[in-house]
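Structural description and commentary
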Amino acid sequence: MNTLVSPTHIRQRLQAHYEPGEATWLTRIVCNEVLGQSMTDYYLGKDIVLSANKETELENILNRLCRYEPIQYIQGKARFLGRDFHVAPGVLIPRPETEELVERIVRDTPAGAHVLDIGSGSGCISVSLALAIPGGTVTAWDISTEAIDIARGNAQALGAEVRFVPCDVLAVQPDADERYDVIVSNPPYVTERERDDMEPNVLEWEPALALFVPDNDPLRFYRRIADLGHQLLAPGGRLYFEINQAYGKAMTDMLHGQGYAHARVEKDSFGKDRFVICSLGKTGSHTL
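The following refers to the structure shown. Source: prediction; values computed, not measured.

1. A short note on the overall build of the chain
A tally of helices and strands in the chain yields 11 helices and 13 strands. For the C-alpha atoms alone, the extent of the chain along its principal axes is close to 75 × 40 × 30 Å. Evaluated residue by residue, the chain yields a buried proportion of 50% over its 288 residues.

This is the structure:
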């Protein structure tokens, strides 16, 4: 026996747990992508005819959403620069601002460049760069073997060649022969004191290992990566970081103190200080 359900009913269920705008966004995804309703019928508010199996599936999804499980984990995918990446609770869900970081790197980076992505997560950065830089080689490090497995699967599914390496950046002693033109990282940068301001769909579901740094050492990963950059970057090579907006000046001061040139903060499309870029000069001559 079939059942009828309306977008309005789904939205009302979700509005008990989400702000109206987010509830509407989630409702559209459930109706269009899960239940197969056309955009036209969705905007007209038409009922959806559900089989018993689909009704059970919908109830399961709504219950999970009401427990604040991210829709990306429920669907098992997240969109990044026009491609679907498999995601699961072992990796962060890719953010729009990270797309902007990748686009900056692609604009700046010539064909054939050697790139290192530190903290690869789902592989959204490394895979996207491998597909966008002609003749480039991309290596990706992550401490989590679960993340490495997910990222490797995304690379295979999307036809990208990336060398994935299980690696603790805080402890690694890199090969003396390794050299890269670009090092990029979106490392943990949320301080512990910021936990109280976070939404439950992030705090309760996304991996803490990839999110948090101690309050007394918020630049821990950046400082270590900058130190490694002196060993790993080719002359004139560049560092690209996604950052906590509260630490832009601290970041540029740290990088200048380590001898990097032209360290600068750039804003994301939301107007927040989100990226830091700098270069490693060649025998005292710094270029970017």
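2. Concerning the packing of aromatic side chains
Following the criterion strictly, the structure yields four aromatic pairs and no others. Aromatic side chains tyrosine 42 and tyrosine 43 sit 5.1 Å apart centroid to centroid with 70° between the ring planes, which places their arrangement in the edge-to-face category. Between arginine 195 and the ring centre of phenylalanine 212, over which it is positioned, the NZ or CZ distance is 3.9 Å.

3. Re the sheet that holds strand S13 (residues 273-279)
Taken in spatial order, the seven strands make up an open sheet running S7-S6-S5-S8-S11-S13-S12, and their pairing is mixed. With one partner strand each, in any of the chains shown, strand S7 (162-166) and strand S12 (261-267) form the two edges of the open sheet. The mean inter-strand angle of the sheet, taken between neighbouring strand axes irrespective of direction, is 15°. Against the sheet, helix H6 (residues 96-108) contacts strand S8 (180-185), strand S11 (233-242), S12 and S13, and its axis sits at roughly 160° relative to S11. Relative to S11, helix H10 (residues 220-232) is tilted by about 160°, and along the sheet it contacts strand S5 (114-118), strand S6 (137-142), S8 and S11.

4. Considering the nonpolar core
By size, the foremost hydrophobic cluster in this structure holds 35 residues, and its most contacted members are Trp141, Ile183, Leu239, Phe241, Met251 and Leu255. Ranked by residues supplied to this core, first place goes to H10 with six residues. Phenylalanine 241 has contacts with Leu101, Ser185, Tyr222, Ile225, Met251, Leu255, Arg274, Phe275 and Val276, leaving out every residue within four places of it along the chain. The next biggest cluster of nonpolar side chains, apart from the first, holds 25 residues, and it includes Cys124, Val138, Ala160 and Tyr240.

5. Some details on the environment of glutamate 59
Here glutamate 59 shows up in helix H4 (residues 52-66). Relative accessible area serves as the criterion here: at 35%, glutamate 59 is assigned to the partly exposed category. Remark: the alpha-carbon pair of glutamate 59 and asparagine 201, spanning 142 residues in sequence, is separated by 19 Å.

6. Looking at the pairing of S7
Where S6 and S7 come together, five bridges link them in parallel fashion. Paired with aspartate 142 across the two strands is proline 166, which belongs to S7. The parallel pair S6 and S7 is bridged by helix H8 (residues 145-158), and the resulting crossover is right-handed.

7. Observations concerning the pairing of strand S4 (residues 83-86)
As judged from the four bridges shared by strand S3 (residues 77-80) and S4, these two strands associate in the antiparallel manner. Within S4, the position partnered with alanine 78 by the bridge is phenylalanine 85. Linking S3 back to S4 in an antiparallel pair, the connection comprises two residues, with leucine 81 at a positive phi of about 50°.

8. Quick notes on the side chain of threonine 139
Within the secondary structure layout, threonine 139 lies in strand S6. Setting aside residues up to four positions removed in sequence, threonine 139 forms contacts with Val115, Leu116, Asp117, Arg163, Val165 and Tyr180.

9. Re the environment of asparagine 201
Positionally, asparagine 201 belongs in helix H9 (residues 200-203). Taking the C-alpha atoms as reference points, asparagine 201 and cysteine 66, separated by 135 residues in sequence, lie 9.8 Å from one another. Every residue in contact with asparagine 201, bar those within four places of it in the chain, is listed here: Glu22, Tyr68, Pro70 and Glu206.

10. Topic: helix H2 (residues 20-34)
The end-to-end C-alpha separation of H2 is 20 Å, in line with the 21 Å expected for 15 residues at 1.5 Å each. Among all positions of H2, only Ala23, Leu26, Thr27, Ile29, Val30, Cys31, Asn32 and Val34 are buried. Packed against the buried residues of H2 are helix H1 (7-15), helix H3 (39-43), strand S2 (48-50), H4 and helix H5 (71-75). With its phi angle positive at about 80°, glycine 36 sits one or two positions after the end of H2.

Calculation rules
- Residues numbered from 1 in each chain as written.
- Predicted model: local features only at pLDDT ≥ 70, side-chain atom pairs only at ≥ 80, totals over all residues.
- Heavy atoms only, no water.
- Helix = DSSP H or I, 4+ residues; strand = E, 2+ residues; numbered from the N terminus.
- Buried < 20%, exposed > 50% of the residue type's maximum accessible area, 1.4 Å probe, protein only.
- Phe/Tyr/Trp six-rings, centres within 6.5 Å; stacked < 30°, edge-to-face > 60°.
- Lys NZ or Arg CZ within 6 Å of the ring centre and 35° of its normal.
- Pairing = 2+ DSSP bridges.
- Axes fitted to C-alpha atoms, helices over the stretch in contact; angles between N-to-C directions.
- Contact = heavy atoms within 4.5 Å.
- Core = buried A, V, L, I, M, F, W, Y, C linked by side-chain atoms within 4.5 Å.
- Right-handed = clockwise from strand over helix to strand, strands pointing away.
- Expected span 1.5 Å × (residues − 1).

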